[in-house]
Amino acid sequence: MKSGKIPNQVLQVGLVFLIVGATMILVRQRFIPESFGELGHYRADAVEVNASHEIQFAGWQACAECHDDVVATKNSSFHRTLSCETCHGPAAEHAREEAEEDPPLPTGKELCLTCHRYLVSRPTGFPQIIEDRHEPAKACHSCHDPHDPVPSERPESCAGCHATISRVIAVSHHAPLDCEVCHEAEPEHFLRPRAHLPRKPFERDFCGNCHAAGIETPANFRGVDLTALDIPKIEQDTHGGTLLCWQCHYQHSPEAR
Amino acid sequence: MPKNYERREFLADLVKFPCATLLLGVSGPIKALASAGDEYQASEHHYAMGVQIEKCIGCGKCVEACKIENDVPMEPYYFRTWIERYIIYADGEVSVDSPNGGIDGFPPIESEKAILRTFFVPKLCNHCENPPCVQVCPVGATFKTQDGVILVDDDYCIGCRYCIQACPYGARFLDPRTHTAGKCTFCYHRITDGLLPACVEICPTQARIFGELDKLSTPLNRMMRQSNIQVLKAHMNTEPKVFYSDLDGEVR
């Protein structure tokens, strides 16, 4: 046997390895797509595919270019947080090229009611109506401008907006007390409620005006004739420790239990 | 030149220099290509969403907008985002409903029982930092991008449903038309174009806040620093990136 000659067995095994290796490289090339692994264990090109989807909602800023008047009105109204397309539907195509068809004018009641129909689960303070009792015969937009919805008249009482509290207090021990006994509300609160918030009591002494034992309660406290009322008394210094009264008693429906 | 520039150092530099120039030479044009114009740079962003429970009115406009924007099948089984209504009764019973994902709003509550608390919870993919769905994908067809968004590679997905099983939030479905996995992308095509996700754009009460996680002066970070923040199923260690403020303990 000449030295240097590779034995046959080795050649055969080598061939097998070569074939397996080559197949593996081929398979890898065939099955691992281009751009795989560039950014991580995925096809980098897929990011581009995801990013190239067509846009349907243009965003309200896009409308300003041509409908600046509506945008300005809407942005300073109660509906300022709404996007144009929340009501008019997707309008990217319209905004891009003034497509043949204008976006629809959603004049039906259902649109307004999806947001304003009374539902207990909605956050307190959100303006809601009971449709059967709120001008059921007329279209909403005949009284409210959808781009600047203001109640066309000033509500007469606090109950117009604070219905829940009014209902609760009316059947409570504090029923004889008007809201103003405890809250000083400027008239502006009726028109722009959030910009002019009324005052709330902030100290224990306030409730003590009526409830503290030993303190001479004025016969007339902010318009309420207290002489006719049988007001339960407590030792203000000790009762309830240092907590505020309304940490234990709900002020709009106090209970002594 | 340093004082003791020795031969060893000189030789090392001799090797380093051409390597560096070579690298620069190659990467230069690539970078230039990528940053041509104001091209979007994924690595400069890190997205998340905030949801303010106390602002959601359950109108369902986000669900509708999402389906339109992303061409999601309209049938009531496929949602990238949906709204759940939680009702906690005085006797302790908790009921959750989501009629057609809330796309048409919610009907009044039928039950006569006394209600303790009730509220709406918008849900969507949580774009986890540790996404279980990405871990189980056998072909690398779902992945986390550099800006932290979990996407699906439609051309490469084999429709095996592993990711749907793995998602603890039920945020994925199998698209009946393509037989590939569907899910929220944070509207990747919109955010990379400087727009907000459709659900955020359309939300009438700003209950949804979208933005950068790593920048301080953003609506998202302001909200996160000033509210009581929770995430869903925190115990699963998925590190979700949808942050809820004032979430009730009953929400799963």
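Residues numbered from 1 in each chain as written. Chains lettered and ligands numbered in written order. Predicted model: local features only at pLDDT ≥ 70, side-chain atom pairs only at ≥ 80, totals over all residues. Heavy atoms only, no water.

1. Regarding the nonpolar core
- Ranked by internal contacts, the top residues of the largest apolar core, which has 45 residues, are Met-49, Val-121, Phe-186 and Tyr-244 of chain B.
- Contributing elements (two or more residues each) for this core: α2 (44-51) of chain A together with β1 (47-52), α2 (61-70), β2 (81-89), β4 (115-124), α5 (188-191), α6 (198-202) and β11 (242-245) of chain B.
- Leaving out residues up to four positions away in the same chain, Val-121 of chain B has contacts with Ile-53, Trp-82, Ile-83, Glu-84, Tyr-86, Tyr-244, Leu-247 and Val-251 of chain B. (Core = buried A, V, L, I, M, F, W, Y, C linked by side-chain atoms within 4.5 Å. Buried < 20%, exposed > 50% of the residue type's maximum accessible area, 1.4 Å probe, protein only. Helix = DSSP H or I, 4+ residues; strand = E, 2+ residues; numbered from the N terminus. Contact = heavy atoms within 4.5 Å.)

2. Considering the pairing of β1 of chain B
Residues and elements named next belong to chain B.
- Most of β1 is tucked away: six of the six residues are buried.
- Note: β1 against strand β9 (residues 208-212), five bridges, orientation antiparallel. Each residue of the ladder has a partner; that of Gly-50, found in β9, is Ile-209.
- Sheet topology note: the β1/β11 ladder contains four bridges and is parallel. Its bridge partner lying in β11, Met-49 is registered against Val-242. (Pairing = 2+ DSSP bridges.)

3. Observations regarding unusual backbone geometry
Residue and element names in this part refer to chain B.
- Backbone geometry places Asp-71, a non-glycine residue, at a positive phi of 55°.
- Locating Asp-71 in the fold gives a position in the loop between α2 and β2.
- By relative accessible area, Asp-71 is classed as partly exposed at 47%.
- Positive phi is not limited to glycine here, since Cys-187 has a value of about 50°.

4. Describing the sheet that holds strand β3 (residues 94-97) of chain B
Residue and element names in this part refer to chain B.
- Taken in spatial order, the three strands line up as β3-β2-β4 in an open sheet, and their pairing is antiparallel. Only two strands of the sheet have a single neighbouring strand rather than two, namely β3 and β4. The average undirected angle you get between the axes of adjacent strands in this sheet is 20°.
- Here β2 runs beside β3; their pairing, made up of four bridges, is antiparallel. Its bridge partner being in β3, Ile-88 is matched across the sheet by Val-94. (Axes fitted to C-alpha atoms, helices over the stretch in contact; angles between N-to-C directions.)

5. Here's the deal with the domain arrangement of chain A
- Domain annotation for chain A reports domain 1 (59-96) and domain 2 (176-257).
- The gap between the C-alpha centroids of domain 1 of chain A and domain 2 of chain A is 45 Å. (Domains from an automatic or database assignment.)

6. Structural notes on the pattern of salt bridges
- Here the structure, examined in full by the defined rule, presents 17 salt bridges over all chains.
- Among the salt bridges present, the one from Asp-71 of chain B reaches Arg-177 of chain B, with a minimum N-O distance of 3.6 Å. With Asp-71 of chain B in the loop between α2 and β2 and Arg-177 of chain B in the loop between β7 (173-174) and β8 (181-182), this residue pair connects regions lying 106 residues apart in the sequence.
- Overall, Arg-177 of chain B belongs to the partly exposed group, its relative accessible area being 46%.
- Among the salt bridges present, the one from Glu-84 of chain B reaches Lys-123 of chain B, with a minimum N-O distance of 3.0 Å. A residue pair is termed long-range when its members are at least 10 positions apart, and Glu-84 of chain B in strand β2 and Lys-123 of chain B in strand β4 qualify at 39 residues. There is no split in this pair, since Glu-84 of chain B and Lys-123 of chain B are both buried.
- The structure contains a network of salt bridges with shared partners spanning Arg-43 of chain A together with Asp-153 and Asp-155 of chain B. (Salt bridge = Lys/Arg side-chain N within 4 Å of Asp/Glu carboxyl O.)

7. Re a negative patch on the surface
- Taken together, the side chains of Glu-34, Glu-38, Asp-45 and Glu-48 of chain A together with Glu-39 of chain B define an acidic patch exposed on the protein surface.
- Within the secondary structure, Asp-45 of chain A sits in helix α2.
- The partly exposed category is assigned to Asp-45 of chain A, whose relative accessible area is 36%. (Patch = residues over 30% accessible without salt bridge, like charges linked within 9 Å, V, L, I, M, F, W, Y side chains within 5 Å. Areas by Shrake-Rupley, 256 points an atom, 1.4 Å probe, with all protein chains shown as cover. Lys, Arg positive; Asp, Glu negative; His and termini not counted. Charge placed at Lys NZ, Arg CZ, Asp CG, Glu CD.)

8. With respect to the interface of chain A and chain B
- Facing the 36 residues of chain A at the interface are 46 residues of chain B.
- When chain A packs against chain B, close to 3200 Å² is buried across both sides, 63% of that on carbon and sulfur atoms.
- Sorting the residues of chain A by area buried against chain B places Asn-50, Phe-57 and Ser-121 of chain A first, and these three jointly supply 19% of that buried surface.
- Applying the counting rule to chain A against chain B returns two salt bridges.
- As a salt-bridge pair, Arg-43 of chain A and Asp-155 of chain B come within 3.5 Å of each other at their nearest N and O atoms.
- On inspection of chain A and its partner chain B, the count reaches 13 residue pairs in polar contact (both at pLDDT 80 or more).
- Those elements that provide at least two residues to the side of chain A that touches chain B are α2, α5 (84-88) and α7 (109-116) of chain A.
- The biggest single contributor to the side of chain A that touches chain B is α2 of chain A, with five residues.
- Partitioned by chemical class, the residues of the side of chain A that touches chain B number 21 nonpolar, eleven polar and four charged. (Buried area = accessible area lost by both parts, 1.4 Å probe. Polar contact = N/O pair within 3.5 Å; in protein donor to acceptor, adjacent residues only side chain to side chain. Nonpolar A, V, L, I, M, F, W, Y, C, P; charged D, E, K, R; others polar.)

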